[in-house]
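Close look at the chain arrangement
Single-letter residue listing:
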Amino acid sequence: MKTYSEINEKIKAGKAVVVTAEEVVEIVKKIGKKKAAEQIDVVTTATFGPMCSSGAFLNFGHASPAIRMESITLNGVPASGGLAAVDTYIGATEESKEEGYEYGGAHVICDLIAGKTIKLKATGKGTDCYPRKEVERELTLEDLNEAYIYNPRNCYQNYAAACNMSNRTLYTYMGPLLPNLSTVTYSTSGTLSPLLNDPYYKTIGVGTKIFLAGAEGFVAWRGTQFNSGAQRDENGIPLGTGGTLALIGDMKQMDPNFIAPAVYEKYGTSLFVGVGIPIPILNEEMIDHVSVGNDQIYTNILDYSVSDGPKPVVKRVSYAELQSGSVEINNKVVRTAPLASLKKAREIANILKDKIEKGEFTITEPVQFFDTTSITKPMKKED
Amino acid sequence: MRTKMILKFPKAVTNEPITYELIKKYDLRINILKADINFKLEGHLIFDVDGNSKDIAGALEYLENLGVEADLITSTINIDSNKCVSCGLCTSACAVKALHLNREDWSLNYTELKCVGCNLCISTCPTRAITNTVW
Ligand code: SF4
Ligand code: SF4
């Protein structure tokens, strides 16, 4: 048994033993769980995948004379006019009025992070306290007071893979799905994925400090569609979607290498977000969780050509099979392709490992823990 | 050697049996990747060519004499490594496995020779890292 403060003292002294969630699988195979739990202090997890439920809060400061911005665009992409005078939220999937989904909210966010100039245009009806009716400005991230990413949902614990049994190409958020069962696409970093390494949310909760696109961010809340009450296998891994996380982090600290706009053909804009989460090895139970390998993590391949009601399960496969490049379905070898970048996820897990080893990144005990009983409801039926 | 050849020819020669000549006279194994004649009756042809280098050189000379602009190219697409995040989604589009993921470091590998110029990867890539460099 180790405590958060004991681990943090080792981190600050530069003596913490930190490994990635990939490395730990091999280490446990070699030295066993007991020794691994004693020796390892922190395991780093990471993911770099597209997440539509992303966006950013921005504050522009007041113009003189002041305006209450009610209709707002940034580089032609509409942003919310539903907050206070010069606050806005720009959603990643919002599309440009001129360019459609080829330039969306995700592009605005990433252009800002890359230091580019963006154009703000806003109008308001004019009030006694905010007399101005129009404003136009060229701005960079530096010109804003606050700019922070808020992901209402990220880090899906588990997510189904997609295929298409119909005879026409389907354009989806899982990428274009070629007809007649030609490809399977999947989105996960597998054994590196944060919530697969802490399936019961024993160390990840509200207030957990994380790596968010190069910045120090935090777990803000449980993510939307938090389905922690999902049925689980013997390793505690949800059979379908499980928990999710809401994340927050300062855009001014972010690195364009770890956040990127994504465009899915005939679907829309999304945002790749790089996330790294450290898991303290408090006890042997945590080692049990982090040592689960890709051959032990399973997900369903669903047929996306069925759009009404639940999509039928075509096959249940392990991530090791998905990552091999092909799976066999109905005696046909079908190629598999990821949506999330394992290369980037590894990079993030290693950066976080490095930072912790150097004493630059400490671990935090959650201020509130998540439940394991929530079930995501469908939309209420029509009366 | 195996390479790709791009031909741009003016109206006057669109009737010439170019492909036939290239096969017959220069013993080239040819696979047409793209053939196109525009409204001005100017033609575009992209071949995958396999033959010995002397014959390919001879073929290029023959085409030049006909007034056809002929160039050898290695690839019809370009992947911007600054934009590519190695997500791997483009490999779902590439039936000939010209695009594939290195299963060691999970970076994207592109084998030019295998590419048949179908362009399916271009619209599949979410970061728009892939562009067509020819047409
Ligand atoms: S789809 Fe685009 S970003 Fe993803 S690996 Fe291919 S070229 Fe790179
Ligand atoms: S153009 Fe077609 S063959 Fe060439 S790499 Fe792209 S998908 Fe593969």
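In this text the structure is predicted, and so the values were computed from the model without any measurement.

**As for the interface of chain A and chain B**
Chain A puts 31 residues into the contact, and the matching count from chain B is 23 residues. Carbon and sulfur atoms make up 59% of the area that chain A and chain B hide from each other, which totals about 1,900 Å². Contact with chain B buries surface across chain A, with Arg335, Pro338 and Lys343 of chain A losing the most and accounting together for 26% of the total. In this structure, Glu102 of chain A and Arg128 of chain B form a salt bridge, with 2.7 Å as the shortest nitrogen-oxygen distance. The interface formed by chain A and chain B includes 10 residue pairs in polar contact (both at pLDDT 80 or more). Of all the secondary-structure elements, those providing two or more residues to the side of chain A that touches chain B are β8 (100-104), β14 (175-177), β15 (183-186), β19 (259-264), β24 (332-338) and α8 (342-357) of chain A.

**Things to note about the domain arrangement of chain A**
All names here are of chain A. Segmentation of chain A into domains returns domain 1 (4-52 + 150-357) and domain 2 (61-144). Between domain 1 and domain 2, the C-alpha centre-to-centre distance is 33 Å. Each side of the interface is counted separately: domain 1 has 20 residues, and domain 2 has 17 residues. Both sides together, the interface formed by domain 1 and domain 2 hides about 1,500 Å², and carbon and sulfur atoms give 71% of it. Where domain 1 touches domain 2, the interface holds zero salt bridges. For the pair domain 1 and domain 2, the number of links is four residue pairs in polar contact (both at pLDDT 80 or more). Listing elements by their share of the side of domain 1 that touches domain 2, those giving two or more residues are β11 (147-154), β19 and β20 (268-280). With five residues, β19 is the single largest residue contributor to the side of domain 1 that touches domain 2.

**A few points about the sheet that holds strand β9 (residues 118-123) of chain A**
All names here are of chain A. In space, the four strands of this open sheet follow the order β5-β4-β9-β10, with antiparallel pairing throughout. Here the strands that pair on one side only, and so sit at the sheet edges, are β5 (77-79) and β10 (134-139). Averaged over all pairs of adjacent strands, the angle between their axes in this sheet comes to 20°, without regard to strand direction. Pairing analysis gives six bridges linking β9 to β10, with the strands arranged antiparallel. Pairing of Ile118 across the sheet is with Leu139, part of β10. Each of β4 (71-74), β5 and β9 is contacted by helix α4 (residues 105-113), which is oriented at about 125° to β9, the strand it contacts most.

**Brief notes about the nonpolar core**
Grouped together as the largest cluster of nonpolar side chains are 120 residues, with contacts concentrated most on Leu58 and Met251 of chain A. In this structure, Ile18, Leu22, Leu28 and Leu63 of chain B belong to the second largest nonpolar core, which totals 17 residues.

**Remarks on helix α2 (residues 53-65) of chain B**
At 3.6 residues per turn, the α-helix brings residues three or four places apart onto the same side. All names here are of chain B. Counted at 1.5 Å a residue, the expected span for α2 with its 13 residues is 18 Å, and the 19 Å between its end C-alpha atoms agrees. Buried residues of α2: Ile56, Gly58, Ala59, Tyr62 and Leu63, and no others. Burial along α2 is one-sided: seen end-on, the buried residues are contained in an arc of 160°. Those residues of α2 that are exposed and aimed more than 90 degrees away from the buried face are Lys54, Glu61, Glu64 and Asn65. Of the surrounding secondary structure, the elements contacted by the buried residues of α2 are β1 (2-9), α1 (18-26), β3 (43-50) and β4 (69-73). The N-cap residue of α2 is Asn52: its side-chain oxygen and the backbone nitrogen of Lys54 are 3.0 Å apart. A positive phi of about 90° marks Gly67, the residue just after α2.

**Observations concerning the packing of α1 of chain B against α2 of chain B**
Residues and elements named next belong to chain B. For the pair α1 and α2, the least separation of the axes is 10 Å and the interaxial angle reads 145°. Crossing of α1 against α2: the hand is right-handed. Between α1 and α2, the residues in contact are Ile18, Glu21, Leu22, Lys25 and Tyr26 and Asp55, Gly58, Ala59, Tyr62 and Leu63, respectively. Taken together, the residues that form the contact of α1 with α2 break down as six nonpolar, one polar and three charged.

Calculation notes
Residues numbered from 1 in each chain as written. Chains lettered and ligands numbered in written order. Predicted model: local features only at pLDDT ≥ 70, side-chain atom pairs only at ≥ 80, totals over all residues. Heavy atoms only, no water. Contact = heavy atoms within 4.5 Å. Buried area = accessible area lost by both parts, 1.4 Å probe. Salt bridge = Lys/Arg side-chain N within 4 Å of Asp/Glu carboxyl O. Polar contact = N/O pair within 3.5 Å; in protein donor to acceptor, adjacent residues only side chain to side chain. Helix = DSSP H or I, 4+ residues; strand = E, 2+ residues; numbered from the N terminus. Domains from an automatic or database assignment. Pairing = 2+ DSSP bridges. Axes fitted to C-alpha atoms, helices over the stretch in contact; angles between N-to-C directions. Core = buried A, V, L, I, M, F, W, Y, C linked by side-chain atoms within 4.5 Å. Buried < 20%, exposed > 50% of the residue type's maximum accessible area, 1.4 Å probe, protein only. Expected span 1.5 Å × (residues − 1). Arc of directions from axis to C-beta. Left-handed = near helix turned anticlockwise from the far one by under 90°. Nonpolar A, V, L, I, M, F, W, Y, C, P; charged D, E, K, R; others polar.

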